[in-house]
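# Results of the structural survey
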Amino acid sequence: MSFVSVMETIGKGFAKGLKWAVEYAVPVEKLVGLLFPVAAPIANEVADATSLIQTAVLLVEQKYAASGAQSGTGAQKLSEVLLLTEQSVTALLAKAGITADSTYIANVVSAVVAILNVQNGQTTVAA
């Protein structure tokens, strides 16, 4: 089953879907290690930021899957994820000593999406 098919299924049962999607997601510790390898001493803030991004990606993907509008909507999905996360992620990363602007956070969001896609052997999905 592809990531998109999974997200379509999740989108149809939001309450059940969110719980399943969070369990299905890449563990935050693995994402932190991949995205911020030098940040071990400050992992809490980085883990919180990464978790926030991953949860937002899953929520936005679920929203688009439920509406049947996944294809060709990457820019809109990225915009929504940034709207949901940018301010908090910037603050969390600042506590960790990482300066993050919109471009940096967008790149992290894209990396999270890429990791979710690779995890499932799929080449095209969200942001």
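Anything mentioned here points back to the structure above.
None of these values were measured; they are calculated from a predicted model.

### Points about the nonpolar core
- Membership of the largest hydrophobic core comes to 27 residues, with the highest contact counts inside it found for Ile-53, Val-57, Leu-93, Val-109 and Val-112.
- Those elements that place two or more of their residues in this core are helix 4 (43-67), helix 5 (74-95) and helix 6 (102-119).
- Ignoring sequence-local partners within four residues, the contact set of Val-57 consists of Val-81, Val-109, Val-112, Val-113 and Leu-116.

### Looking at helix 6
- Taking 1.5 Å as the rise per residue, helix 6 with 18 residues should run 26 Å; its terminal C-alpha atoms sit 26 Å apart, in good agreement.
- Looking at helix 6, one finds that the buried residues are Ile-105, Ala-106, Val-108, Val-109, Val-112, Val-113, Ile-115, Leu-116 and Asn-117.
- The opening residue of helix 6 is Asp-101, an N-cap whose side-chain oxygen sits 3.3 Å from the backbone nitrogen of Thr-103.

### Observations concerning the pattern of salt bridges
- For the structure shown, the criterion picks out two salt bridges.
- Between Lys-63 and Glu-80 there is a salt bridge, and its shortest N-O distance comes to 2.9 Å. Placement of Lys-63 in helix 4 and of Glu-80 in helix 5 is noted, with a sequence separation of 17 residues between them.
- Assessed through its relative accessible area of 48%, Lys-63 is described here as partly exposed.
- Overall, Glu-80 belongs to the partly exposed group, its relative accessible area being 21%.

### Side note on the environment of Ser-88
- With respect to the helices and strands, the residue Ser-88 is situated in helix 5.
- The sequence separation of Ser-88 and Ile-53 amounts to 35 residues, and the corresponding C-alpha distance is 9.7 Å.

### Here we look at the environment of Ala-49
- With respect to the secondary-structure elements, Ala-49 resides in helix 4.
- Each C-alpha atom, one on Ala-49 and one on Glu-86, is 9.4 Å from the other, the two residues being 37 residues apart in sequence.
- With residues near it in sequence (within four places) discarded, Ala-49 still touches Val-89, Leu-92 and Leu-93.

### A word on the environment of Glu-86
- By secondary structure assignment, the location of Glu-86 is in helix 5.
- For the pair Glu-86 and Ile-105, spaced 19 residues apart in the sequence, the C-alpha separation amounts to 6.9 Å.
- When near neighbours in sequence (up to four residues on either side) are disregarded, Glu-86 contacts Val-81, Asp-101, Ser-102 and Ile-105.

Conventions we followed
- Along each chain, the written sequence defines residue order, and numbers are assigned to residues from 1.
- Where totals are concerned, whole chains, interfaces and linings use all residues; where local detail is concerned, this predicted model gives features only for residues with pLDDT of at least 70, and gives and counts side-chain atom pairs only at 80 or more.
- Working from all heavy atoms in the structure, the side-chain values ignore hydrogens and water.
- Residues belong to a common nonpolar core when they are buried Ala, Val, Leu, Ile, Met, Phe, Trp, Tyr or Cys residues joined through side-chain atoms within 4.5 Å.
- Exposure categories follow from relative accessible area, calculated using a 1.4 Å probe and restricted to protein chains: below 20% of the type maximum is buried, above 50% is exposed, and the middle band is partly exposed.
- In this text, helices come from DSSP runs of H or I with a minimum length of four residues, and strands from runs of E with a minimum of two, each type numbered from the N-terminal end.
- In this analysis, two residues are considered to be in contact whenever any of their non-hydrogen atoms come within 4.5 Å of each other.
- One less than the number of residues in a helix, times 1.5 Å, gives the span that helix is expected to have.
- In protein, a polar contact means a hydrogen-donor-capable atom and an acceptor-capable atom, both N or O and within 3.5 Å, with residues adjacent in sequence counting only if both atoms are side-chain atoms; elsewhere, any N or O pair within 3.5 Å suffices.
- What makes a salt bridge here is a side-chain nitrogen of Lys or Arg within 4 Å of a carboxyl oxygen of Asp or Glu, nothing more.

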